[in-house]
Amino acid sequence: MSIRHHLTDPLLMAYAAGELPEAFNLVVATHVSLCDECRARLASFEAVGGAMLETEDVAAMSEDSLALCMDRISGLSQATARRPLKRAGILPAPLADYVGGGIGKVKWRNLGMGVKQAILPTGKDASARLLYIPGGQAVPDHGHRGLELTLVLQGAFRDETDRFGPGDIEIADEAMQHTPVAEEGEVCICLAATDAPLKFNAIIPRLAQPFLRI
Ligand SMILES: [Zn+2]
């Protein structure tokens, strides 16, 4: 997989620090599972966090906390202790875990024009969805009220900025207005996360927005 569009350092740092909403965590974890470069950068941010922990002042825990913890660990069944994460078809492990299997397990809802989406269950502070866009089909021109991360899992799309293929991630913010179009030939499947509703310019998507929960 030749990935050309990567995560930014601030996003990787926030992920390492555990500060991202769940929907963004999912996109970051999914990209990192596909991308050696971002995984290496993430490891360096995690090392910084580890070094900070080692130099922090130590807060004492209650006297029996070690014994209690060891008791709980020995009580865990083998099954809970190691639950293998496997890639399921085009869905990398972190995502397959959310969907509960491969792409066949996704509960799609039609949005019209052949476009489908499935909203994934995450915390309320941001939302994550899978998008299914037939080749040649456009997602309506839209702007953003917050941050939007779009990770390509299959196929490719183009917008005003560039081409995005499998593993590529597009990071769009309030300043960005774009019309993504799926490349001819293959259905484009993406994982997208937003922390605020999108702003559509055309009247039809704007009217439909509350119903589609985009
Ligand atoms: Zn990357």
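Residues numbered from 1 in each chain as written. Predicted model: local features only at pLDDT ≥ 70, side-chain atom pairs only at ≥ 80, totals over all residues. Heavy atoms only, no water.

*Asks:* Can you help me understand the coordination of the zinc ion in this one?
*Replies:* Ideal donor angles around a metal are set by the shape: a four-donor tetrahedron calls for 109.5 degrees, a six-donor octahedron for 90 or 180 degrees. The protein atoms donating to the zinc ion are His6 (ND1), His31 (NE2), Cys35 (SG) and Cys38 (SG), with metal-donor distances spanning 2.1 to 2.3 Å. Note that the zinc ion binds 4 donor atoms; their angles at the metal cover 93 to 130°, and the shape is tetrahedral. When the donor residues of the zinc ion are listed from N- to C-terminus, their spacing reads H-x24-H-x3-C-x2-C. Pair noted here: His6 is in the segment before α1 (9-16) and Cys38 is in helix α3 (residues 36-55), with a separation of 32 residues, a long-range link. (Donors = N, O, S within 2.8 Å, 3.2 Å for Na, K, Ca; no water. Tetrahedral: all angles 85-135°; square planar, octahedral: opposite > 155°, others 65-115°. Helix = DSSP H or I, 4+ residues; strand = E, 2+ residues; numbered from the N terminus.)

*Asks:* Any chance you could explain the sheet that holds strand β2 (residues 115-120) here in plain terms?
*Replies:* By definition, the strands of a sheet pair up through backbone hydrogen bonds, in either a parallel or an antiparallel sense. Sheet architecture is open: 6 strands sit in the order β1-β2-β3-β10-β5-β8, paired in antiparallel fashion. Across the chains shown, the open sheet's two edge strands, defined by having one partner strand only, are β1 (109-112) and β8 (169-172). Each strand axis lies, on average, 25° off the axis of its neighbour in the sheet, ignoring direction. As paired elements, strand β5 (residues 148-154) and strand β10 (residues 188-194) share 6 bridges and run antiparallel to each other. Opposite Glu148, over in β10, you have Thr194 as the bridge partner. (Pairing = 2+ DSSP bridges. Axes fitted to C-alpha atoms, helices over the stretch in contact; angles between N-to-C directions.)

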